[in-house]
2 protein chains.
Amino acid sequence: MRLSRYFMPILKENPKEAEIVSHRLMLRAGMIRQQSQGIYSWLPLGKRVLDKVNNIIRDEQNRAGAIELSMPTLQSAELWQESGRYDAYGKEMLRIKDRQDRPMLYGPTNEEMVTDIFRSYVKSYKSLPLNLYHIQLKFRDEIRPRFGTMRSREFMMKDAYSFDLTREGAEHSYKKMFTAYLRTFDRLGLRAIPMRADTGPIGGDLSHEFIILADTGESEVYSHKDFVDFDIPAVDTDFDDVAGLDAIFKKWTSVYAATSEMHDEAAFDAIPESDRLSARGIEVGHIFYFGTKYSEPMGAKVQGPDGKEHNVHMGSYGIGPTRLVPAIIEASHDENGIIWPASVAPFDAVVINMKAGDAACDAACEKIYAALSSAGKDVLYDDTDDRAGTKFATADLIGVPVQIIAGPRAVASGEVEVKDRKTGARETMTIDAAINKLLG
Amino acid sequence: MRLSRYFMPILKENPKEAEIVSHRLMLRAGMIRQQSQGIYSWLPLGKRVLDKVNNIIRDEQNRAGAIELSMPTLQSAELWQESGRYDAYGKEMLRIKDRQDRPMLYGPTNEEMVTDIFRSYVKSYKSLPLNLYHIQLKFRDEIRPRFGTMRSREFMMKDAYSFDLTREGAEHSYKKMFTAYLRTFDRLGLRAIPMRADTGPIGGDLSHEFIILADTGESEVYSHKDFVDFDIPAVDTDFDDVAGLDAIFKKWTSVYAATSEMHDEAAFDAIPESDRLSARGIEVGHIFYFGTKYSEPMGAKVQGPDGKEHNVHMGSYGIGPTRLVPAIIEASHDENGIIWPASVAPFDAVVINMKAGDAACDAACEKIYAALSSAGKDVLYDDTDDRAGTKFATADLIGVPVQIIAGPRAVASGEVEVKDRKTGARETMTIDAAINKLLG
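Each value, and the rule that gives it
Residues numbered from 1 in each chain as written. Chains lettered and ligands numbered in written order. Predicted model: local features only at pLDDT ≥ 70, side-chain atom pairs only at ≥ 80, totals over all residues. Heavy atoms only, no water. Helix = DSSP H or I, 4+ residues; strand = E, 2+ residues; numbered from the N terminus. Rg over C-alpha atoms; globule rule 2.2 N^0.38 Å. Buried < 20%, exposed > 50% of the residue type's maximum accessible area, 1.4 Å probe, protein only. Areas by Shrake-Rupley, 256 points an atom, 1.4 Å probe, with all protein chains shown as cover. Lys, Arg positive; Asp, Glu negative; His and termini not counted. Charge placed at Lys NZ, Arg CZ, Asp CG, Glu CD. Phe/Tyr/Trp six-rings, centres within 6.5 Å; stacked < 30°, edge-to-face > 60°. Pairing = 2+ DSSP bridges. Axes fitted to C-alpha atoms, helices over the stretch in contact; angles between N-to-C directions. Contact = heavy atoms within 4.5 Å. Buried area = accessible area lost by both parts, 1.4 Å probe. Salt bridge = Lys/Arg side-chain N within 4 Å of Asp/Glu carboxyl O. Polar contact = N/O pair within 3.5 Å; in protein donor to acceptor, adjacent residues only side chain to side chain. Nonpolar A, V, L, I, M, F, W, Y, C, P; charged D, E, K, R; others polar. Least-squares fit on C-alpha atoms with pLDDT ≥ 70 in both. Domains from an automatic or database assignment.

Engineer: Give a description of the overall build of chain A that names residues and reports values.
Structural biologist: On a plain count of helices and strands, chain A comes out with 14 helices and 23 strands. In terms of overall dimensions, chain A is globule-like: its C-alpha atoms have a radius of gyration of 24 Å, near the 22 Å expected for 440 residues. A principal-axis box enclosing the C-alpha atoms of chain A has dimensions of 80 × 60 × 40 Å. Out of the 440 residues belonging to chain A, those deemed buried represent 58%. Put simply, chain A shows about 17,100 Å² of open surface, and 46% of that area lies on carbon and sulfur atoms. Each charge sign in chain A was given a centre, from 55 positive and 66 negative side chains, and these centres are 4 Å apart.

Engineer: Please set out the packing of aromatic side chains residue by residue, giving values where relevant.
Structural biologist: Under the criterion given, the structure shown has 39 aromatic pairs over all chains. An angle of 40° between the planes, with centres 5.7 Å apart, marks the rings of Phe-185 of chain A and Phe-210 of chain A as tilted. Placement of Phe-185 of chain A in helix α6 (residues 167-187) and of Phe-210 of chain A in strand β10 (residues 206-213) is noted, with a sequence separation of 25 residues between them. When the ring of Phe-118 of chain B is compared with that of Phe-163 of chain B, the centres are 4.2 Å apart and the planes differ by 10°; the resulting orientation is stacked. You can see Phe-118 of chain B sitting in helix α5 (residues 111-121) and its partner Phe-163 of chain B sitting in strand β8 (residues 154-164), a full 45 residues away along the chain.

Engineer: Hey, could you go over the sheet that holds strand β4 (residues 74-76) of chain B for me, with residue numbers and the actual values?
Structural biologist: Residues and elements named next belong to chain B. The three strands lie next to each other as β4-β6-β5, forming an open sheet whose pairing is antiparallel. Across the chains shown, the open sheet's two edge strands, defined by having one partner strand only, are β4 and β5 (94-97). Pairs of neighbouring strands in the sheet enclose a mean axial angle of 35°, with direction left out of account. Bridge count for β5 against strand β6 (residues 103-106) is four bridges, and the pairing is antiparallel. Note that in β6 the partner of Ile-96 across the bridge is Met-104.

Engineer: Talk me through the interface of chain A and chain B; I want residue IDs and the actual numbers.
Structural biologist: Listed per partner, the contact involves 54 residues of chain A and 54 residues of chain B. Both faces considered, chain A and chain B share a buried interface measuring about 4,700 Å² in area, 58% of it formed by carbon and sulfur atoms. Our count for the chain A to chain B interface comes out at eight salt bridges. Among the ionic pairs, Lys-47 of chain B bridges to Glu-68 of chain A, the shortest N-O distance being 3.2 Å. For the interface between chain A and chain B, the tally reads 24 residue pairs in polar contact (both at pLDDT 80 or more). For the side of chain A that touches chain B, the class distribution of residues is 28 nonpolar, 10 polar and 16 charged.

Engineer: Lay out the sheet that holds strand β19 (residues 349-353) of chain A in plain terms, naming residues and giving numbers.
Structural biologist: Residues and elements named next belong to chain A. One open sheet holds the five strands; their spatial order is β20-β19-β21-β22-β23, and the pairing between them is mixed. For this open sheet the edge positions go to β20 (379-382) and β23 (426-430), each flanked by a neighbour on one side alone. In this sheet, neighbouring strand axes are inclined to one another by 25° on average, regardless of whether the strands run parallel or antiparallel. Across five bridges, β19 lies against strand β21 (residues 402-406) in parallel orientation. Across the sheet, residue Val-351 finds its bridge partner in β21, namely Ile-404. Against the sheet, helix α12 (residues 388-398) contacts β19, β20, β21 and β22 (415-420), and its axis sits at roughly 175° relative to β19. In the packing of helix α14 (residues 431-439) onto the sheet, contacts are made with β19, β21, β22 and β23, and the angle to β23 comes to roughly 115°.

Engineer: Tell me about the relation of the copies chain A and chain B, and name the residues and values.
Structural biologist: Note on the copies: chain A fits chain B at an RMSD of 0.0 Å, the axial shift is 0.0 Å, and the rotation between them is 180°. Accordingly, the operation relating the two chain copies is best matched by a two-fold axis. No C-alpha of chain A approaches the rotation axis more nearly than that of Ile-96 of chain A, which lies at 3.0 Å. By residue overlap, the copies meet face to face through one surface: 100% of the interface positions of chain A are interface positions in chain B.

Engineer: I'd like to hear about unusual backbone geometry, residue by residue, with values.
Structural biologist: Residues and elements named next belong to chain A. With omega at 0°, the peptide bond leading from Leu-128 into Pro-129 counts as cis. Relative to the helices and strands, Pro-129 resides in the loop between α5 (111-121) and β7 (130-139). For Asp-101, which is not glycine, the phi dihedral falls at a positive 70°. If you trace the backbone, Asp-101 turns up in the loop between β5 (94-97) and β6 (103-106).

Engineer: Describe the side chain of Ser-207 of chain B, naming the residues involved and giving the relevant values.
Structural biologist: Examined against the element boundaries, Ser-207 of chain B turns out to sit in strand β10 (residues 206-213). A polar atom in the side chain of Ser-207 of chain B sits 2.9 Å from the side chain of His-286 of chain B.

Engineer: I'd like a rundown of the domain arrangement of chain A, residues and numbers included.
Structural biologist: Residue and element names in this part refer to chain A. What the domain assignment reports for chain A is domain 1 (3-338) and domain 2 (349-439). Between the C-alpha centres of domain 1 and domain 2 the distance comes to 38 Å. On the domain 2 side, the residues contacting the 15 residues of domain 1 number 12 residues. Among the residues of domain 1 in contact with domain 2, Leu-3, Asn-336 and Ile-338 are the three that bury the most area, contributing 43% of the side total. For the pair domain 1 and domain 2, the number of links is three salt bridges.

Engineer: Before we move on, can you summarise α5 of chain B with the specific residues and values?
Structural biologist: Most of α5 of chain B sits out of view: nine of its 11 residues are buried. The complete set of buried residues in α5 of chain B reads Glu-111, Glu-112, Met-113, Val-114, Thr-115, Asp-116, Ile-117, Phe-118 and Arg-119 of chain B.

Engineer: Can you explain the pairing of β6 of chain A? Please cite residues and give values.
Structural biologist: The side chains of a regular strand alternate between the sheet's two faces. Residue and element names in this part refer to chain A. Across three bridges, strand β4 (residues 74-76) lies against β6 in antiparallel orientation. Bridge pairing in β6 places Ser-76 opposite Met-104. Two successive antiparallel strands, β5 and β6, enclose a turn made up of five residues, where Asp-101 displays a positive phi of approximately 70°.

Engineer: How would you sum up the environment of Pro-326 of chain B? Please name residues and give values.
Structural biologist: Residues and elements named next belong to chain B. Its location among the elements puts Pro-326 in helix α10 (residues 321-331). The exposure class assigned to Pro-326 is buried, which follows from its relative accessible area of 0%. Sequence separation between Pro-326 and Met-150 is 176 residues; the distance between their C-alpha atoms is 6.2 Å. Residues contacting Pro-326, with those up to four places away along its chain left out, are Ser-22, Met-26, Thr-149 and Met-150.

Given below as structure tokens:
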């Protein structure tokens with residue numbers, strides 16, 4: 001992408017409304033724009049990161065056997081009356097009447113709708129286990145949306161829903177998602193700690209929040225320090241292996257971790273003081289087992305091997321992509337801007353032409369841009385006539401992992417400078433070496 | 001994907017509510033489910049097709065220089081009051097009040113919001129031309145939603161918006177999208193005819209609808225037959241070449257074509273009778289040039305090379321992916337089901353195990369499934385214990401281009417049957433030959 005033809009509106013000034021660093025950097029880098037309170041556009045740079053986050057989430061959901069569909073944003077109130085949540089949900093639910101005066105709502109979550117889909121088609125235990133997910137917009141009318149897309153009203157959520165014949169089966173489904181989440185956050189460059197959590201309005205008796213530690217987090221969390229060194233389940237994890245997943249689950253729940261709602265002072269105090277971690281955290285995922293809470297009132301039954309009908313055991317599993325983007329920034333930035341993990345960087349590299357219009361600089365940059373692009377790399381080429389200092393500041397701000405800098409002096413000797421955004425290390429090398437370094 | 005682990009709820013009976021073939025087939029193949037009037041879930045098979053359609057649209061938008069972002073679904077009423085459309089839009093606009101009693105709406109289109117984004121950041125003609133698009137849900141509260149996702153209330157739209165300093169520039173931007181649309185529909189396996197069209201509530205004085213001919217179409221269309229043989233612009237079309245795009249545009253608008261709103265009887269009658277085409281059509285895209293209709297009331301100005309401020313000239317360009325899926329089916333099906341063009345097929349091939357549980361059949365199928373999957377093909381493996389007849393009917397219904405059929409007799413001689421869904425041609429070949437045929 002040539003910057004001269006891109007739309008990446010960089011703000012020079014720190015926006016006053018931003019209270020936390022991720023919000024400030026997302027606004028400054030032209031990733032998002034607030035359209036109304038707690039409702040954001042994702043500008044092109046932000047959209048690229050969001051897409052990469054979603055693709056990692058999707059990849060790991062699929063690996064764990066979940067199947068993607070897409071449910072609509074607007075729901076009929078009737079479904080929520082069946083489950084009993086229509087009246088219970090409160091003012092966070094955006095209630096709407098259509099032109100026929102039928103009560104609708106903008107879905108804050110999809111337990112009811114997916115249960116309705118399930119009961120319409122699935123009649124036998126032979127179709128189980130089943131896990132259906134979508135990545136879809138949700139709306140929760142927060143009284144105080146803030147921190148940019150960290151706590152917004154219209155937001156994106158990956159929500160998966162599992163269906164099993166028995167509690168035992170449902171626990172296996174739960175552990176599949178537990179494992180998939182560990183892998184997902186790791187691939188996003190985050191160390192997330194699963195913590196026992198309150199089940200809140202979803203209901204149920206087994207629930208974990210996945211929390212990353214950050215000073216700006218909204219939750220208080222208490223855990224054992226050992227988590228930081230636990231191994232992430234491997235890419236070839238067999239999700240059908242009940243004992244294997246159980247071992248992963250046991251390991252990751254073997255030491256103390258809880259949010260303030262579930263905090264047990266006595267248990268925490270029993271940990272040697274030097275191993276205690278008490279910090280603030282950002283919730284980036286939440287998983288629930290809630291048994292027959294929805295299947296029973298909504299009549300989602302299957303015939304079991306015994307020939308009888310059984311209410312299915314369900315769980316739901318949420319990750320917020322539009323919250324994950326700022327969470328990644330909170331975990332990875334410096335005073336000059338964002339430092340993207342390579343897996344979610346909007347571009348793999350930025351080519352900086354320090355003297356656009358200079359024939360040698362132009363030729364060097366075009367060569368690098370063409371070679372990397374045709375090899376499938378996402379490259380931003382800063383071909384504008386801005387000052388070199390502005391270009392450097394922009395490249396640092398947007399946090400692309402590698403900067404390839406072509407100035408007249410180096411280019412005269414057939415060389416460019418390659419800078420690692422994270423470490424700041426710079427290396428001068430030939431143009432071909434720079435290309436090979438990126439492709440290597 | 002193993003069918004035994006997939007969610008593809010096939011309906012055996014023809015659903016009563018379906019009036020047109022695409023609606024019937026989408027319901028029967030388990031592609032969609034109506035959640036409330038005119039509001040659909042896209043079940044996994046449908047989601048796969050929709051994703052492929054969106055990716056082709058995206059690819060051609062990017063090729064034409066448009067830049068993707070993502071605007072939210074909910075908009076503030078204020079923006080629409082600025083443009084004057086809030087009161088004008090009528091009952092199709094879903095109006096909402098949030099918990100603070102602020103008037104909002106579910107966006108039926110995004111001219112106002114994108115103009116607001118533009119005016120916030122772009123100040124100079126040097127940033128032009130600019131074309132921003134997103135693929136996002138829209139809501140239009142149709143009084144009579146029908147024909148499944150062909151005319152639904154919550155639907156997906158790719159909407160692009162161009163910004164230029166002058167009318168001349170805007171016409172070039174218009175022709176970029178005109179050309180991109182010809183390529184897009186062609187890649188989707190459709191022959192779309194651009195027709196002069198009424199600009200309706202969007203406004204403006206230059207507009208084309210892209211129409212595909214189908215008996216179930218809602219529009220009456222009149223055109224010259226020559227369209228059917230016009231060449232589609234090539235993949236290496238230079239979108240910056242003003243004269244080149246103009247030649248494409250002139251060619252494709254050189255002969256008569258109009259919807260009923262713009263129909264000119266005299267001009268049509270001047271065509272030799274054997275060359276007249278009078279038919280029903282489905283609108284699959286609509287492009288507009290509307291000058292300063294929004295930039296003027298909303299103050300979207302840039303400084304020109306003359307140092308003065310100019311209202312930008314705008315256009316908007318829509319394609320409905322959730323309508324395109326049924327449109328493709330209307331254009332490509334037979335009495336047994338859907339016939340997908342390869343570019344949008346939910347799977348590249350289906351492997352049919354005629355005797356699941358038979359060691360030789362299982363081994364042959366697993367070998368083919370593994371070889372094709374690891375080569376990046378999307379393969380559905382029917383490993384269920386359904387009857388062979390049911391499996392054949394399902395494969396035909398869902399319209400996957402190639403069926404690889406493994407029965408005990410053929411497999412005993414190391415062979416399988418390969419069936420072309422479109423022609424019905426069947427060929428017996430070795431397992432390796434079948435694999436190579438798919439990979440070739």
